[in-house]
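# Close look at the chain arrangement
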Amino acid sequence: MGIFDKIKKIFKKEEELVKEESKKTNLESNQESESDFVLKKELEKEIKSLSEIEPDPEPDPEPEPEPEPEPDPEPEPEPDPEPEPDPEPEPEPKLKNKKLDDGLKKTKESFFGKLTRSFAGKSTIDDLDLDDIEEVLITSDIGVDTTLKIIEQLENRVAKDKYINTKELKGFLKEEISLLMQDANLEMPKLNDPYVIMVVGVNGVGKTTTIGKLANKYKKEGKKVVLGAADTFRAAAVEQLVIWAERVGVEIVKQDMGSDPASVAFDTIQSAKANNADVVIIDTAGRLHNNVNLMRELGKIRNVMNKVVSDAPHDVMLVLDASTGQNAIEQAKQFIAATEVDSIALTKLDGTAKGGVVIGVSNQFNIPVRYIGIGEGINDLQKFNKVEFIDSLFS
């Protein structure tokens, strides 16, 4: 029972006592009976004891709930870092021309074998050794004229430096040979008419094969090619060119045996022009370089071509057999005397130790070597690059 209920009960008892006392007489009202007195004391005592009782502590009010903290604002996502640019790929090392290396193997063994034998055990080269170097160059089919130019420059170098070592000799020869050789000039000019190539050379040098490989090269470049079989003195020459035309997949113009070669050339260029061809390659008879009458016929063919396409032929290409060495240089002299020659193709370079003739031909006649044959395959006619050639020769 709570303290307030107890106090209320006590006051109720007192109220009852007051009512009883009012019923008594005035006399009795001034007197307190012993029992009432005792009861009163007990009541007072009880009230006192109740007043000393500490009231039940009011329960602590429930704490107000702490407000939920506002959530931290989500941080803005950092922008993705810009991707680092891919590193530039390192330039691939220049691949060696293995086919050329293999083709020049015999020439390298011959040329450097002679140099090695001449200077075995020597650490320096002086003017007493120049005669030996001259002999090595001449016997490597570089040619007398070209050899003398190289030796003259070498003499000046030795006179200046007193001597050079064998390593310096190799570097000197590379530098001088590069200066003496002509650049290939392989760019074909842009024309409204077909580009006309007239191929000349003696029988047996690989002329027809070179034409077939050249047609294949242009066909792979996306050019439309027409061949002209103007070597009408040999049935085998026409038949071979027909086989190459079918193999490569190009058009060929031919006439009966014994026909006028100039007439064949005329018909070929007319057909090529009518059909919007890009390249015309005219084969000519394998003339002996000492046959003046046959050589003069080349002039007639040139004049007929020029009537159909202005400035034709644009390239008179002389095909020489590298394996004939100095004889190839003699053939070049005779053809250049009979007609203007614009470029040279050297065949059979892979089967000979006389590859030095490339240097002599290029230098002596100031005519660029444009193609070299280094195998029997259809793709074995390579564009000539003098830097690659010299590097391969001295590797």
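Residues numbered from 1 in each chain as written. Predicted model: local features only at pLDDT ≥ 70, side-chain atom pairs only at ≥ 80, totals over all residues. Heavy atoms only, no water.

### Digging into the sheet that holds strand β5 (residues 315-321)
Spatial strand order, β3-β2-β4-β1-β5-β6-β7-β8: eight strands in an open sheet with mixed pairing. The open sheet has two edge strands with one neighbour each: β3 (251-253) and β8 (381-383). Strand-to-strand, the axes of this sheet are offset by a mean angle of 25°, without reference to chain direction. Relative to strand β2 (residues 225-229), helix α11 (residues 261-274) is tilted by about 165°, and along the sheet it contacts β1 (195-200), β2, β3 and β4 (279-283). In the packing of helix α13 (residues 326-338) onto the sheet, the strands contacted are β1 and β5, and the crossing angle to β5 comes to about 155°. (Pairing = 2+ DSSP bridges. Helix = DSSP H or I, 4+ residues; strand = E, 2+ residues; numbered from the N terminus. Axes fitted to C-alpha atoms, helices over the stretch in contact; angles between N-to-C directions. Contact = heavy atoms within 4.5 Å.)

### Looking at helix α5 (residues 105-118)
With 14 residues, α5 ought to run about 20 Å at 1.5 Å a step, and its terminal C-alpha atoms sit 20 Å apart, in line with that. Residues of α5 that are buried include every one of T107, K108, S110, F111, F112, G113, K114 and L115, and no others. Against α4 (98-103), α6 (130-139), α8 (166-180) and α15 (386-393) lie the buried residues of α5. (Expected span 1.5 Å × (residues − 1). Buried < 20%, exposed > 50% of the residue type's maximum accessible area, 1.4 Å probe, protein only.)

### Observations concerning a negative patch on the surface
On the surface, a cluster of negative charge is contributed by D127, D131, D132, E135, E152 and E155. At the level of elements, α6 and α7 (144-161) are the ones that each hand at least two residues to the negative patch. Per-element accounting of the negative patch gives the leading share, three residues, to α6. Position of D131 among the secondary structure elements: in helix α6. (Patch = residues over 30% accessible without salt bridge, like charges linked within 9 Å, V, L, I, M, F, W, Y side chains within 5 Å. Areas by Shrake-Rupley, 256 points an atom, 1.4 Å probe, with all protein chains shown as cover. Salt bridge = Lys/Arg side-chain N within 4 Å of Asp/Glu carboxyl O. Lys, Arg positive; Asp, Glu negative; His and termini not counted. Charge placed at Lys NZ, Arg CZ, Asp CG, Glu CD.)

### Examining the environment of F394
Examined against the element boundaries, F394 turns out to sit in the segment after α15. Residue classification places F394 among the buried residues on the basis of a relative accessible area of 2%. The sequence separation of F394 and L173 amounts to 221 residues, and the corresponding C-alpha distance is 9.1 Å. Residue contacts for F394: discarding those within four places in its chain leaves F111, F112, K170, L173, K174 and I177.

### A closer look at the pattern of salt bridges
The final tally for this structure, using the stated rule, is 15 salt bridges. The salt bridge involving K386 is made with D183; its shortest N-O contact spans 3.5 Å. Of this pair, K386 sits in helix α15 while D183 is found in the loop between α8 and β1, placing the two residues 203 residues apart along the sequence. K217 is the partner of E221 in a salt bridge, and the nearest nitrogen-oxygen pair spans 3.0 Å. The buried category is assigned to K217, whose relative accessible area is 15%.

### As for the packing of α8 against α15
Two elements in contact, α8 and α15, have axes separated by 10 Å at closest approach and are oriented at 155°. As far as their axial angle goes, α15 and α8 are roughly antiparallel. Pair α8 / α15 crosses with right-handed handedness. Along the contact surface, α8 presents K174, I177 and S178, while α15 presents K386, I390 and D391. Class assignment of the residues belonging to the contact of α8 with α15 gives a composition of two nonpolar, one polar and three charged. (Parallel < 35°, antiparallel > 145°, perpendicular 65-115°, else oblique. Left-handed = near helix turned anticlockwise from the far one by under 90°. Nonpolar A, V, L, I, M, F, W, Y, C, P; charged D, E, K, R; others polar.)

### Thoughts on the confidence of the model for the protein
Across the protein, the average pLDDT comes to 81, with 73% of residues at or above 70. In this model, residues 90-94 is a region of pLDDT below 50 whose contacts with residues beyond four sequence positions or in other chains number one contact. (pLDDT = per-residue confidence, 0-100.)

### Examining the side chain of Q382
For Q382, the location among the structural elements is in strand β8. The exposure class assigned to Q382 is buried, which follows from its relative accessible area of 16%.

### Focus on the environment of D260
On the secondary structure map, D260 appears in the loop between β3 and α11. Here the side chain of D260 touches K300 through a polar contact of 3.5 Å, side chain to side chain. (Polar contact = N/O pair within 3.5 Å; in protein donor to acceptor, adjacent residues only side chain to side chain.)

### Re the packing of aromatic side chains
Each aromatic ring pair is summarised here by two numbers: the centre-to-centre distance and the angle between the ring planes. In this structure the tally under the stated criterion is one aromatic pair. Between the aromatic rings of F384 and F389, the centroid separation amounts to 5.4 Å while the plane-to-plane angle is 55°, which identifies the pairing as tilted. Taking relative accessible area as the criterion, F384 reaches 3% and is therefore assigned buried. In this arrangement the basic side chain of K217 is found over the ring face of Y218, its NZ or CZ atom lying 4.1 Å from the centre. (Phe/Tyr/Trp six-rings, centres within 6.5 Å; stacked < 30°, edge-to-face > 60°. Lys NZ or Arg CZ within 6 Å of the ring centre and 35° of its normal.)

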